[in-house]
Protein chains: 2
Amino acid sequence: MRYNNLDETSVYGRLTGVAKAYSAFDFRQRLNAARVAASSIPIADTLVYNWAAKKVDDDVITLLQTLADEQELTAKYRALLDGEVMNTGENRRVLHHLLRGQLGKDVIVGGKNVGEFYRKELDRLSAFACDVRAGGIKSSGGKQFTHAVQIGIGGSDLGPRALYIALENWAQKEGIKPQLTAKFISNVDPDDASAVLNSVPLEATLFVLVSKSGTTQETLTNELFVRDRLKKAGLDAGKHFVAVTSETSPLARNSAYMDSFYIDDFIGGRYSSSSGVGGVILSLAFGPAVFKEFLQGAHEADRNALERDIRKNAALLDALIGVWERNFLRLTFTAVLPYSQALSRFPAHLQQLDMESNGKRVNRNGEQVLYATGPVVFGEPGTNGQHSFYQLLHQGTDTLPLQFIGFNDSQLDDDIVVDGSTGMTKLKANLAAQIVAFAKGEDNENPNKQFPGGRPSSLIYGKRLTPRALGALLAHFENKVMFQGFVWNLNSFDQEGVQLGKILTKKVLSGDSGDDALDAYSRLLGCL
Amino acid sequence: MRYNNLDETSVYGRLTGVAKAYSAFDFRQRLNAARVAASSIPIADTLVYNWAAKKVDDDVITLLQTLADEQELTAKYRALLDGEVMNTGENRRVLHHLLRGQLGKDVIVGGKNVGEFYRKELDRLSAFACDVRAGGIKSSGGKQFTHAVQIGIGGSDLGPRALYIALENWAQKEGIKPQLTAKFISNVDPDDASAVLNSVPLEATLFVLVSKSGTTQETLTNELFVRDRLKKAGLDAGKHFVAVTSETSPLARNSAYMDSFYIDDFIGGRYSSSSGVGGVILSLAFGPAVFKEFLQGAHEADRNALERDIRKNAALLDALIGVWERNFLRLTFTAVLPYSQALSRFPAHLQQLDMESNGKRVNRNGEQVLYATGPVVFGEPGTNGQHSFYQLLHQGTDTLPLQFIGFNDSQLDDDIVVDGSTGMTKLKANLAAQIVAFAKGEDNENPNKQFPGGRPSSLIYGKRLTPRALGALLAHFENKVMFQGFVWNLNSFDQEGVQLGKILTKKVLSGDSGDDALDAYSRLLGCL
């Protein structure tokens, strides 16, 4: 396998040259019904990627195919699936796809079949969730659990939280019972844990402690906060806690928990929603069958991402268009704009997924790269964003690539007709209108009302936001980020950039920071 | 008054020249205890701005003072306070400061004293909120209101929602009773309204309809959705609704509402949190005295922003350092990082405030500008963000200016000691550590563990997030954005960029979009 920097590829110069002549790309000429119809690629059975409003033509796509081939993107993906050590810095395999189904060889590590291990843990957590939901496992006071609170941060929080919010209304409409209410405690700010605990019936709440290492400062602090509260309420904390962790962590096989569910070092935090990290809380809330539907959707998207032809591989094309925009058109950051209130926290999860994976300035060999890598990602649901930051997106001095997401049907199917259309129809009309407004703009003799257009976007759409569609959506972005990491020749699976802050924090807390500026800031904040 | 573009100022060339030589700015040499101690400016009685970790020295600050003087920034602010028409495109005054207190001349429009009008409306909404809270005004079924739901979008949603979340725990700790639970419906996605209505006791819920024009598509659709639900529940909708609107809107003096509270065209949506738009819901939830404390904090910050000397004017210095970073150091977008879970939605409000105000490519005369204007703003609370996107901030290929916010004390004062420190102390230690880590970085022989540093940040800090501190925080950013708009010679008070999408949406809904690409997208989404 070749591991070259992007600017070492033979096609890099050609893409640079084409991009220079590309300012003339005119959506008003090019973006028509035929192009929209011809620009859809399935992500999975439930979800489609459409790139009609991206600034690419056939020539560029052909060059991007060459780039994909030269950087061996799908071959690297296959190697990753087969268990090659892709997280080189930490000497780890990268196996989150295997949580959803097997697409590569059996991965055997230390005599253990990793796929079997993942399947066994899924079975165990499913059985546990069924028991809790059926009332077989009860609280220390003998009550049926009605609430589940996850304690975790980063990858142990953002993904599971976004997924729970995404499915809450769907599950209600489907009549899934019981539906445990899930909440999340993440921040070391004590107001976070305190407020969540004030909002749940402690005696009927099950806590899911999630930390792969078992040493995360915020999570352990919050655990003790919760245990203290349980004790004060006269409850037996041990009967209110389960853990999701690695088998080598201090939390494993620890009698302080009713049970522990395991992941391993091959599941990165931001890729762990498909493991027990997401699986325990989602299975408690909605039942294991819903979580397995979610995994199935992700698995479909994973399979589609194997296709070498970028005209048939949505994640690959999305990744490469992103590289085209960032490195050649030199567009800046990316806004993710779901026209679905249920996806309100999905952009926050994508922030971690993308920015922690590819926000790197050295390649997998530790050499500094001379091109831009991962972009900043941010977003809020539409139509809310339209009344907020879209002004800058339409008329600001920077052009940002946009990622729209939309669905044909609502989740709750509770709607009324106002002025001849439902709320859902209005939502979709707004979405379609924005894509075209950003692309084509509009001339006006008043320059303040002039819309330059030329602002590219893509659209991911499906019939309805179901668990299966949600799994496909998540996997699409995971695979997109993976392919971009391969293009940029990064290790997308470590996060050394989070370490320095942890070290300096410990120094402050130890009372000997060794830096007088740090002491001065600590004094300002009253922690010295 | 002179209205020149930034690049027409005499100091522009000098700043450009200085910036070129500025890459050598070395925080490891410069950032020490003395600089931290010398770099604080009060924003108000309750809040301080510290710029020690910004890439500026005395020479740059002196040049920025020259820029402030040349662009007549505080003189323009005074003109705005005195009622000059600063929203030139729409021929409107800009008077949101007057909601908090009077700093300029009496503003008389059409014989009416605008300040008196604002004070009268504040008195009216305060009296109404007191009546509701005391049980004098009851629901149609004779119940005391326990919940208030605001229906609004954009400026009628983001600010009030962020402020409510910011004060919810504080109010609980202070023992404020009754505390009405507030919720918000904004999106035209019907799942938003449906889910909120499923979560409140309809018979004890008061709805606050907020639309200045009285014609906002999303808001009117959601109003009818709610009225339909109230009717189906056998409730008299008229006794569950109040309106916040302008006196010329169709909602004014309309018997469909128990009462209406008025704003006028001089209060822009994103600047309306200090009016009835924020005032009714906050006064219902926490009582009018709390809302008035909030206004007082904002007023203090407004007064401090009058100071001509940028070394004494936090909003002015913050604004000018932002211009220095964006236009001269050519740093990209801005992350807002509150180390306070209560401020979890504050960055979303700042997104609108900043990006809708200054995301413009033409100056106030409608001429295209040739320099970067308003940046993208995004953020999540710390320490959560540390486990998410900070990787890119520390080690990515872009340098982003950072805005930290922190407090000495928690809101709920419910905390425990773990490993020798409280959660609050850990939170603050993390914040101090991050500032220094971003600024100074750290050398490591492993390039993957190398932190380049040189990443500038500022810190806003206070003793505790109280209503008064929150008011000062909001006003600080409003005034910063205003000053930056003056520097860039923009009209920060209109938002023409939101119009095209509205027009195209109406065309889709009318069935005659006039654009075959738009029809094709509508078909994909199932709304044709």
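Residues numbered from 1 in each chain as written. Chains lettered and ligands numbered in written order. Predicted model: local features only at pLDDT ≥ 70, side-chain atom pairs only at ≥ 80, totals over all residues.

## So, the overall build of chain A
Along its length, chain A carries 18 helices and 15 strands. For chain A, the C-alpha radius of gyration of 24 Å lies close to 24 Å, the compact-globule estimate for 528 residues. Across the 528 residues that make up chain A, the buried fraction comes to 61%. Put simply, of all contacts in chain A between residues at least 6 apart along the chain, 75% involve residues at least 24 apart. (Helix = DSSP H or I, 4+ residues; strand = E, 2+ residues; numbered from the N terminus. Rg over C-alpha atoms; globule rule 2.2 N^0.38 Å. Buried ≥ 20, exposed ≤ 12 C-beta atoms within 10 Å, placed from the backbone. Contact = placed C-beta atoms within 7 Å.)

## Looking at the relation of the copies chain A and chain B
Under the fitted operation, chain A is carried onto chain B by 0.0 Å of movement along the axis and a turn of 180°, and the coordinates agree to an RMSD of 0.0 Å. Seen this way, the second copy is the image of the first under a two-fold rotation axis. Closest approach to the rotation axis among the C-alpha atoms of chain A is made by F378 of chain A, whose C-alpha sits 3.3 Å away. Interface residue correspondence from chain A to chain B reaches 100%, placing this contact among same-surface, isologous pairings. (Least-squares fit on C-alpha atoms with pLDDT ≥ 70 in both.)

## Considering the interface of chain A and chain B
On the side of chain B, 121 residues touch chain A, which itself brings 121 residues to the contact. Of the residues forming the side of chain A that touches chain B, the biggest block, 15 residues, is contributed by helix 15 (residues 423-440) of chain A. Taken together, the residues of the side of chain A that touches chain B sort by class into 52 nonpolar, 49 polar and 20 charged. (Nonpolar A, V, L, I, M, F, W, Y, C, P; charged D, E, K, R; others polar.)

## With respect to the domain arrangement of chain A
Split by domain assignment, chain A resolves into domain 1 (109-293) and domain 2 (495-528). Its C-alpha centre places domain 1 of chain A at a distance of 31 Å from the equivalent point of domain 2 of chain A. (Domains from an automatic or database assignment.)

## Notes on the pairing of strand 10 (residues 334-338) of chain B
All names here are of chain B. Within strand 10, five of the five residues are buried, which leaves it mostly tucked inside the rest of the structure. Pairing of strand 10 with strand 11 (residues 377-378) involves two bridges; the strand directions are parallel. Residue A335 lies in a different strand from strand 11, and its bridge partner there is F378. In this fold, the crossover linking strand 10 to strand 11 by way of helix 13 (residues 346-358) has right-handed handedness. (Pairing = 2+ DSSP bridges. Right-handed = clockwise from strand over helix to strand, strands pointing away.)

## Some words on the packing of helix 11 (residues 288-304) of chain B against helix 16 (residues 467-488) of chain B
Residue and element names in this part refer to chain B. With their axes 6 Å apart at the nearest point, helix 11 and helix 16 run at an angle of 40° to one another. Our classification of the angle between helix 11 and helix 16 gives oblique. For the pair helix 11 and helix 16, the sense of crossing is right-handed. Residues V290, E293, F294, L295, Q296, G297, A298, E300, A301 and D302 of helix 11 touch helix 16, and the partners they reach there are P467, R468, A469, L470, G471, A472, L474, A475, H476 and N479. Residues that form the contact of helix 11 with helix 16 fall into these classes: 11 nonpolar, five polar and four charged. (Axes fitted to C-alpha atoms, helices over the stretch in contact; angles between N-to-C directions. Parallel < 35°, antiparallel > 145°, perpendicular 65-115°, else oblique. Left-handed = near helix turned anticlockwise from the far one by under 90°.)

## Overview of the sheet that holds strand 1 (residues 40-44) of chain A
Strand order in the open sheet formed by six strands is 1-2-15-12-10-11 (chain A), and the pairing between neighbours is mixed. The open sheet terminates on both sides in strands that have one partner only, identified here as strand 1 and strand 11 (377-378) of chain A.

## Points about the packing of helix 18 (residues 516-525) of chain A against helix 15 (residues 423-440) of chain B
Interhelical geometry of helix 18 of chain A versus helix 15 of chain B gives an angle of 140° and a closest axis separation of 9 Å. Judged on the interaxial angle alone, helix 15 of chain B and helix 18 of chain A are oblique. Crossing of helix 18 of chain A over helix 15 of chain B shows right-handed handedness. Of the residues in helix 15 of chain B, those touching helix 18 of chain A at A517, L518, Y521, S522 and L525 of chain A are K428, A429, L431, A432, A433, I435 and V436 of chain B. For the contact of helix 18 of chain A with helix 15 of chain B, the residue count by class is 10 nonpolar, one polar and one charged.

## Overview of the pairing of strand 5 (residues 147-151) of chain A
On any regular strand, side chains alternate: one points to one face of the sheet, the next to the other face. All names here are of chain A. Along strand 5, five of the five residues are buried, which leaves the element largely enclosed by surrounding structure. Of the two faces of strand 5, the one lined by H147, V149 and I151 and the one lined by A148 and Q150 are each fully buried. In terms of strand pairing, strand 5 meets strand 6 (residues 181-185) through five bridges, oriented parallel. Within the sheet, the bridge partner assigned to V149 lies in strand 6 and is K183. In this region the chain leaves strand 5, passes through helix 7 (residues 158-173) and returns to the parallel neighbour strand 6; the handedness of that crossover is right-handed. With five bridges joining them, strand 5 and strand 7 (residues 205-210) adopt parallel strand pairing. Residue pairing across strands places Q150 opposite V208, the latter belonging to strand 7.

## Side note on the confidence of the model for chain A
Averaged over chain A, the pLDDT score is 97; the fraction of residues at 70 or greater is 100%. In the model output, the complex is listed with pTM 0.98 alongside ipTM 0.97. (pLDDT = per-residue confidence, 0-100.)

## Focus on the sheet that holds strand 15 (residues 457-462) of chain B
All names here are of chain B. Pairing is mixed in the open sheet, where six strands are placed in the order 1-2-15-12-10-11. Bordering the open sheet on either side are strand 1 (40-44) and strand 11, each of which pairs with just one other strand. Two strands pair when backbone bridges link them, and strand 2 (residues 47-50) and strand 15 are joined in this way by four bridges, in the antiparallel orientation. For V48, the partnering residue across the bridge sits in strand 15 and is Y461.

## Concerning unusual backbone geometry
Note the cis peptide between K177 of chain A and P178 of chain A, where omega equals -10°. Position of P178 of chain A relative to the elements: it lies in the loop between helix 7 and strand 6. In the segment running from G382 of chain B into T383 of chain B, the intervening peptide bond is cis, with an omega of 10°. Note on placement: T383 of chain B falls in the loop between strand 11 and helix 14 (390-395). The phi dihedral of D419 of chain A is positive, around 50°, even though this residue is not glycine.

## Remarks on helix 16 of chain B
Residue and element names in this part refer to chain B. Compared with the 32 Å implied by 1.5 Å per residue over 22 residues, the 32 Å span of helix 16 between its first and last C-alpha is a close match. A large share of helix 16 lies buried, amounting to 22 of its 22 residues. Positive backbone phi, approximately 65°, marks N489, located one or two places after helix 16. (Expected span 1.5 Å × (residues − 1).)

## Some words on helix 7 of chain A
All names here are of chain A. Between its first and last C-alpha, helix 7 extends 24 Å over 16 residues, near the 22 Å set by a 1.5 Å rise per residue. A maximum bend of about 35° is found in helix 7 at L167. Among all positions in helix 7, only L158, G159, P160, R161, A162, L163, Y164, A166, L167, N169 and W170 are buried. In the segment just after helix 7, G175 is the residue with positive phi, at about 75°. (Bend = angle between axes of the 7 residues up to and from the residue.)

## A closer look at the environment of R133 of chain B
Mapped onto the elements, R133 of chain B comes out in helix 6 (residues 114-134). With 22 C-beta atoms packed within 10 Å, R133 of chain B lands in the buried category.

## Focus: the environment of P401 of chain B
Residue and element names in this part refer to chain B. Position of P401 relative to the elements: it lies in the loop between helix 14 and strand 12 (402-407). Of the residues examined, P401 has 22 C-beta atoms within 10 Å and is grouped as buried. In the structure, P401 is positioned 346 residues away from K55 in sequence and 9.8 Å away in space, judged by C-alpha atoms. Sequence-distant contacts of P401, defined by excluding residues within four places in its chain, comprise E325, L331, T334 and P456.

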